[in-house]
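Listed here are the chains, written in short residue letters.
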Amino acid sequence: MKNKGFIVFLTILISLLCIYYLSFTYVSQNIQKEATAVTANDDGSIDVSEKQRYLDSIWNEPVYNLFGIDYTYKEVKETELNLGLDLQGGMHVTLEVSPIDIIKGLSGNSTDPDFLAALDQAKQNIKGTQLNFVDEFYSEFKERAPGKELSQIFATAANRGRISLQSTDAEILDIIDTEVESAIDRSFNILRTRIDRFGTSQPNIQRLQGTGRIQIELPGVDNPQRVRKLLQGVAKLEFWEVYQQQEVAEVLTSINSLIVQEMKNNPSSVSEETEEDQKIKDDITALLGDGNEADSLATAEGDSTENEALDSLINTRQSPLFDLLVNTPQYGGLLYNVKDTAQINRILEREDVQAIIPATMKFLWDVQPKDRGEDLTGPELLELYPIKTNRSGKASLTGETISNATASLNERAEPEVTMQMNASGSRTWAKMTRENIGQRIAIVLDNYVFSAPSVRSEIPNGSSVISGGFETIEEAKDLANILKAGSLPAPTTIVEDVVVGPTLGKVAQKQGLNSIMIGLIIVIIFMVVYYAKGGLIANLALFFNVFFIMGILAQFGTSLTLPGIAGIVLTIGMAIDANVLIFERIKEELRNGAGLKAAISSGYSKAYWSIFDANVTTLIVGFILFTLGQGPVKGFAITLMIGIVCSFFSAVFITRVIVEAFSKKGDNAKISFANAFSKNALANLNINFLSKRKLAYTFSSIFITIGIVAMIVKGITLGVDFKGGRSYVITFDEPKSPTEIKTSLSNYFENAGTEVKTFGANNILKITTSYKIDDESDEADLQVREELINGLAETTGLTYIEDGAQLAEGNFTISSSSKVSPTIADDIKNSSYKSGIIALICIFIYIVFRFRKWQFGLGAIIALFHDTLFVLSAFAIANLAGISFEADQVFVAAVLTIIGYSINDTVVVFDRIRENMGIKSGSELIPVFNESLNNTVSRTFITSITTLIVVIVLFLFGGAVLQGFSFALLVGIIVGTYSSIFIATPIVIDLNKKEAKT
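What counts, and where the lines are drawn
Residues numbered from 1 in each chain as written. Predicted model: local features only at pLDDT ≥ 70, side-chain atom pairs only at ≥ 80, totals over all residues. Heavy atoms only, no water. Helix = DSSP H or I, 4+ residues; strand = E, 2+ residues; numbered from the N terminus. Buried < 20%, exposed > 50% of the residue type's maximum accessible area, 1.4 Å probe, protein only. Contact = heavy atoms within 4.5 Å. Areas by Shrake-Rupley, 256 points an atom, 1.4 Å probe, with all protein chains shown as cover. Phe/Tyr/Trp six-rings, centres within 6.5 Å; stacked < 30°, edge-to-face > 60°. 1 Å grid on protein atoms, 1.4 Å probe; cavity = no way out; pocket = protein on both sides within 12 Å on 5 of 7 lines; lining within 4 Å. Points joined across faces, edges and corners; volume = space filled by probe spheres on them. Nonpolar A, V, L, I, M, F, W, Y, C, P; charged D, E, K, R; others polar. Polar contact = N/O pair within 3.5 Å; in protein donor to acceptor, adjacent residues only side chain to side chain. Salt bridge = Lys/Arg side-chain N within 4 Å of Asp/Glu carboxyl O. Core = buried A, V, L, I, M, F, W, Y, C linked by side-chain atoms within 4.5 Å. pLDDT = per-residue confidence, 0-100. Axes fitted to C-alpha atoms, helices over the stretch in contact; angles between N-to-C directions. Left-handed = near helix turned anticlockwise from the far one by under 90°. Pairing = 2+ DSSP bridges. Expected span 1.5 Å × (residues − 1). Arc of directions from axis to C-beta. Parallel < 35°, antiparallel > 145°, perpendicular 65-115°, else oblique. Patch = residues over 30% accessible without salt bridge, like charges linked within 9 Å, V, L, I, M, F, W, Y side chains within 5 Å. Lys, Arg positive; Asp, Glu negative; His and termini not counted. Charge placed at Lys NZ, Arg CZ, Asp CG, Glu CD.

### Notes on the overall build of the protein chain
Check the secondary structure of the protein chain and you find 31 helices and 23 strands. Each of the 998 residues in the protein chain was classed as buried or not, and the buried ones make up 56%. When contacts within the protein chain are restricted to residue pairs at least 6 apart in sequence, long-range pairs at least 24 apart make up 75% of them. Surface summary for the protein chain: the accessible area is close to 42,400 Å², and the carbon and sulfur share equals 56%.

This is how it looks when you write it as C-alpha cells:
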C-alpha cells in the first residue's frame, strides 16, 4: 500500500484534534457536576435556580488552561459537544414574519377590495409551497384589477420620495420585496438580541432562507411561556436624551456615599453581599457583538465628532460603583467590565439607591460590548448610559415616526446610516436636536442602547446621518434595520413550538447511550467470533469511527440529537460492511490458492470500488436529507454523512495499514480472517436465485396490495409534523387507560380529532389533538393546554405539577409538548416528497454513470420504489393490527436511509456482476448473474446480520421517540437485502431479455 506514512500522520492528526475538541466536553461535564454538588440541598435535591446562578457567576471566568491558553466557561460551552433539545430538554420555536402585514403597512392600510382580496388569495396559494408571496400577490391583484396600477395603492404620504403615482409596477414590486426582506432581517436582529439577553447557554437562531421564517433553539429553558412572550413582544424603539457626566455626578456621588457609609458601618455584611453579587450574573453577561459608540449625529451634510472624555469622576474610587469603573482613552462614559455588570445592577436596583435617583433619570446598558482592540485581548466593556426621562416615562420620539433608514458608504468609503422621519417626527426631532447640540441622544430598543451619537447641529428636515462608529457595512445595516423596527408592522407568529422537559431529555440520553453501548458490544463480539484477529482489527477501526464522529461533531459545533444517536448506531452497523466486503474478498482469494500478502492486496483492491460506490450512494441520500430536511432530520443527516466519511477512512485505510503491518511475514504471519467454522461458511454456493424471481414478484405484489388496502381502511398514523396540531407527552404516577383518557378529553376538546396512545411505558401517554388547529395565537395555546390539564385532572383525580419536580403519588406532568401549524405541516410533507424523488433521480444518474447501462439504473430505482412501498405497507398492516407507529419527519429520514442502505446492497451485487461480465465476456447473462449473487451472498448475509443487530437494539432500547424510526429500519434492512437479490438483479435481466437469450 502506498502512502502508509501519510495515512498514519492523518490518523494521528485527526485523533489529536478530536481529543482537543472533546476535552472541552469533559471539562464542561466536570463543571456541571461541581455545580450540582455545590448547590445540592441536604435531602439531595438540586436547587435549579441556585445552580444556574453558580454557572452564571463563572461564565466569563477562566476554568480551563490548555497549552498555556486560558478558556472561560463561556468559551468551553461554545466548544463542547452540544446536546440537542431531545437529550437535555429545552425549546424549539419557528416563527413566521407575516408579509401580509408588512405590505398592508406599506400601503397605509389601504381598504381597496381588490388589494385585500389579492392578499388573502396569495396567502392561500403559497400554503405548502415555496412560492414567493409578493409574486403571487401581484399575479392575483392584476387578475382582479387588470387596469389598476400599484401606485394607486402605495403612493401615500408616508412613501413620499420613494413611490409616486408615476412609479411603475416593477419599481414598486422591488420596493415591496426590499421591505419584506428588510422586515424579516429586522425581526431576526431583534430576536437575536433578545435571545442573547435571555441567558441560556448555546442558543441557536437562524433564518430559514427562501421563507419568512426564523428558527430558534433554546437548550435547557424551563419557562416556555416567558420565552414566547419574549419572542413575540412588540419592539419598542425610543429616542432619549443622555445626561452629561457633570449632570449625573451628584447622583452617583450620593449613591457612592450611601454604599461607603454602609461599608464603614457593617463591612462584614457588605463583604458577604459582594460575594453573593459575584455569584449572580444578569442576562446582560450573555451579550455579544461589536461596539458602535463612536457614532455621531448630523444632517446629511454634517461631519462626525468625538465623544467628550469622562471627567475626573472616574478617579473617585470608593465603592464598587466607582471602583469598578474602567478608564480608557479610547472611549468615554461609564464603562464597566461585562463580568461586573451584575454587581452594578444590584446596586442600582436597591430601594435606597432608587430613592436617590431622580424620577427623570434612569440607567440603561449598551446592547453590545465595546471593541476589545485589534489583539482582542482587552476586557469586554459595556457602557452604562444615564438617560434623561420625563415624569410620564414615555419617550417624546419613538420608532413609528421613522419612514426609512438605509445603510451606505459615504464619500470617504465609511459606513453610515441615513435616517428619514415623517412630518410629525421631523418637528419633534428638530426640537430635540436643537436643544442637545454637542450632547448625545440614545437610540433605545427594548430598553437597551443600540447607539448614542452626539448631535452636531440642529436637524430641521428629519433627514439624519449616523456615522463614525461602524467597522463594517454589516454593522450599519444592522442599525438601519433596528431604526426601522417601528416604521412597518412585522408581527411574528409561532408556527412551530416544541418543548422537551428535562425529565424526558434525561431518559432519552440514557436510552440513546444504552443503544450505542449495547450495539457496539454485540457487534464487537460477533466480529471477533466470525473473523478472528481480522475482527479485532475491524473493531479497532470501529472505535476510530465512533471517536472521529464525536470529535468532528464537537469541532463543527453540531448538536448531538436522539436521531443523531440513531445515525451513529446505524453507522456502527454500516461501518462493518466495508470490512466484511474486504475480509470476504480476502477469504475468497485464499480459497483460490493465493498467498496471504497477495490475498490481502487483492482483497482490498477488488473491494475498494464496491465500498466507494456503496458509500457515495448513501452519501447522496444524506446530502439530500441535510439540504431539504429540518430539525431532527437535519441532525440525523449530518451525523450520517460524517459517519459515512469516517467509516470509509477507518475501514479502508486504517485497517489496511494495521493488516499489512501484521502480515509482513507473509504466510507465516500471525493473522487470520476466519475461525474453523467460518472459514468456508456460505462459500461455493450454487443457488439459482433468478429462477425464483416470479415467486418474489408475486410475494411482493401481494404484500404491497394488502398494505394499500390497509392504508385505505385505516391509514397510517401521521405525527403532527405531517398533519398539524398539538401534541403532548403526559407522565402519570401509575398506568392509565388511553381509551378512557381519549373519551374524557373529547368533551374538553369540543369533539375535535384526538389520539391517545402509550408512549414507551404504560404510565406515559402521548396525546395529539387538532383542537383549535387553525388558531396559532398564544391564547389558543394556553386554552388547549388548560383544557388538557383540566380534563386529565377531572378524569384521573390527579394534580398537575410542573415537569422537573418530583413525580409523587397523585400527580401527573407534561413532559413535552409540540405545536405544528398546518402551513408548516404542508411544507414538511412537500419537502418529504421532494427529497424522496430527488434521491431516486440522483441515485439513478449515479448508477447509470458508474455501470454504463440504463438497465442497471432502472432496476435499482424500481427496487428502491419497491422497498419504500414495502415499508409503508408494513406500517399500514401494523396499524390495522393495532400496533401503531407514528410517521413523522424522523420516519422520512428512516425511509431515505433505507433507500441508501438498499442501494448499498444492490451496488455491491451490481459491482460483482460488472466484474464477472468483464471476465466472462460473451457468456450468457443468467449464469453470470446467478454466479455474482452467489459470490456476494456471504457479504450480504453478514452485513445484514450486523446491521440488524444494532437496529434491533435501537428498537428495544432507543425509546418511544425512535420506535417508528427503528421499526422502519428493521423492515427496510430485511426488505433491502431481499430486493437486491430478488428484485433489482432480476429486473436488470428482464430488461435485457434479448441479451439474456443470447
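### Quick word on the packing of aromatic side chains
Two aromatic rings are characterised by how far apart their centres lie and by the angle between their planes. In the structure shown here, the tally under the stated rule is 43 aromatic pairs. Taken together, a centroid distance of 5.8 Å and an interplanar angle of 85 degrees make the contact between Phe115 and Phe154 edge-to-face. Taken together, the positions of Phe115 in helix H6 (residues 113-125) and Phe154 in helix H8 (residues 151-154) put the pair 39 residues apart, joining distant regions of the chain. Phe154 carries the same exposure label as Phe115, and that label is buried.

### Some thoughts on empty space enclosed by the protein
In total, this model carries six cavities of 30 Å³ or more according to the counting rule given. One number sums up the size of the largest cavity: a volume of about 130 Å³. As for the largest cavity, its lining consists of 14 residues, of which Met574, Ala575, Asn615, Ser647 and Asn904 are closest to the centre. Those elements that place two or more of their residues in the lining of the largest cavity are helix H19 (562-591), helix H20 (596-628) and helix H21 (632-662). For the lining of the largest cavity, the class distribution of residues is seven nonpolar, six polar and one charged.

### Considering the side chain of Ser727
By secondary structure assignment, the location of Ser727 is in strand S19 (residues 725-732). Within the structure, the side chain of Ser727 is placed 3.4 Å from the side chain of Thr768, a separation counted as a polar contact. The residues touching Ser727, leaving out its near neighbours within four places in the chain, are Val720, Lys766, Ile767, Thr768, Ser816, Ser817 and Ser818.

### Looking at the pattern of salt bridges
For the structure on display, the rule yields 22 salt bridges. Here Lys388 ties to Glu241 by a salt bridge, and the two come within 3.7 Å at their closest N and O atoms. Pair noted here: Lys388 is in strand S10 (residues 381-388) and Glu241 is in strand S6 (residues 237-242), with a separation of 147 residues, a long-range link. Lys736 is paired through a salt bridge with Glu734; the nearest N and O atoms lie 3.2 Å apart. Given the relative accessible area of 17%, Lys736 is considered buried. Several salt bridges converge on common partners, so that one network encompasses Asp613, Arg850, Asp911 and Arg914.

### Regarding the nonpolar core
Counting residues in each nonpolar core, the largest one holds 132 residues, and the members touching the most others are Ile572 and Phe965. Top contributing element to this core by residue count: helix H18 (residues 502-556), with 18 residues. If sequence neighbours within four positions are ignored, Ile572 has contacts with Ile516, Leu520, Val523, Leu542, Val546 and Val950. Of all hydrophobic cores here, the second largest spans 49 residues; its members include Ile259, Leu445, Phe450 and Leu483.

### Here we look at helix H14 (residues 341-349)
Among the nine residues of H14, seven are classified as buried, and the element is accordingly described as predominantly covered. All of the buried residues along H14 are Thr341, Ala342, Gln343, Ile344, Asn345, Ile347 and Leu348.

### Quick word on the confidence of the model for the protein chain
Looking at the protein chain as a whole, its pLDDT mean stands at 78, while 84% of the residues score no less than 70. Mean pLDDT values for the elements of the protein chain range from 40 in helix H12 (residues 267-279) up to 92 in helix H22 (residues 693-713). Ignoring residues within four places in sequence, the model shows residues 268-294, a span with pLDDT below 50, making 81 contacts including any to other chains. Counting contacts from residues 300-317, a segment whose pLDDT is below 50, to residues more than four positions away or on other chains yields 36 contacts.

### Comments concerning the packing of helix H27 (residues 854-880) against helix H28 (residues 889-919)
Here H27 crosses H28 at 145 degrees, and the two axes come no closer than 10 Å. At the point where H27 passes H28, the crossing takes the right-handed sense. Within the contact between the two elements, H27 uses Phe856, Ala860, Leu864, Asp867, Thr868, Val871, Leu872 and Phe875 and H28 uses Phe891, Val895, Ile898, Ile899, Ser902, Ile903, Thr906, Phe910, Ile913 and Met917. Tallied by class, residues from the contact of H27 with H28 come to 14 nonpolar, three polar and one charged.

### Focus on the pairing of strand S8 (residues 334-337)
Of the two faces of S8, the one holding Leu334 and Tyr336 and the one holding Leu335 and Asn337 are both buried throughout. Bridging between S8 and S10 involves four bridges; their strand directions are antiparallel. Its bridge partner being in S10, Tyr336 is matched across the sheet by Leu382.

### Comments concerning H6
For H6, with 13 residues, the first-to-last C-alpha span of 18 Å sits near the 18 Å given by 1.5 Å per residue. All buried positions along H6 are accounted for by Phe115, Ala118, Leu119 and Ala122. The arc enclosing the buried residues of H6, seen along the axis, measures out at 100 degrees, which places them on a common side. In this fold, the buried residues of H6 make contact with helix H5 (99-106), helix H7 (133-144) and H8. Of the residues flanking the start of H6, the one acting as N-cap is Asp112, its side-chain oxygen 2.9 Å from the backbone nitrogen of Asp114.

### Structural notes on the side chain of Glu383
For Glu383, the location among the structural elements is in strand S10. Judged by relative accessible area, which is 2%, Glu383 ranks as buried. Looking at Glu383, its side chain comes within polar contact range of the side chain of Tyr385, at 3.3 Å.

### Thoughts on the packing of H20 against H28
For the pair H20 and H28, the least separation of the axes is 9 Å and the interaxial angle reads 155 degrees. If you check the angle between H20 and H28, you find them roughly antiparallel. H28 is crossed by H20, and the crossing has right-handed handedness. Contact residues: Lys606, Trp609, Ser610, Asp613, Ala614, Thr617, Thr618, Val621 and Leu625 in H20; Ala893, Leu896, Thr897, Ile899, Gly900, Ile903, Asn904, Val907, Asp911, Arg914 and Glu915 in H28. A class-by-class count of the residues in the contact of H20 with H28 yields nine nonpolar, six polar and five charged.

### Considerations on unusual backbone geometry
Glycine aside, a negative phi is what most residues show, and trans is what most peptide bonds show. Phi at Phe67 takes a positive value of approximately 55 degrees, unusual for a residue other than glycine. As for its placement among the helices and strands, Phe67 is situated in the loop between strand S1 (62-66) and strand S2 (69-72). Residue Phe67 is classed as exposed on the basis of its relative accessible area, which comes to 76%. Its identity as a non-glycine residue notwithstanding, Arg852 has a phi of 65 degrees, on the positive side. Its location among the elements puts Arg852 in the loop between helix H26 (822-851) and H27.

### Regarding the environment of Ile443
With respect to the helices and strands, Ile443 occurs in strand S14 (residues 441-445). As for Ile443 and Thr398, which are separated by 45 residues in sequence, their C-alpha atoms are 9.4 Å apart.

### Remarks on a negative patch on the surface
On the surface, a cluster of negative charge is made up of Asp135, Glu171, Asp174 and Asp177. For the negative patch, the leading source of residues is helix H9 (residues 169-198), giving three residues. Assignment of secondary structure puts Asp174 in helix H9.

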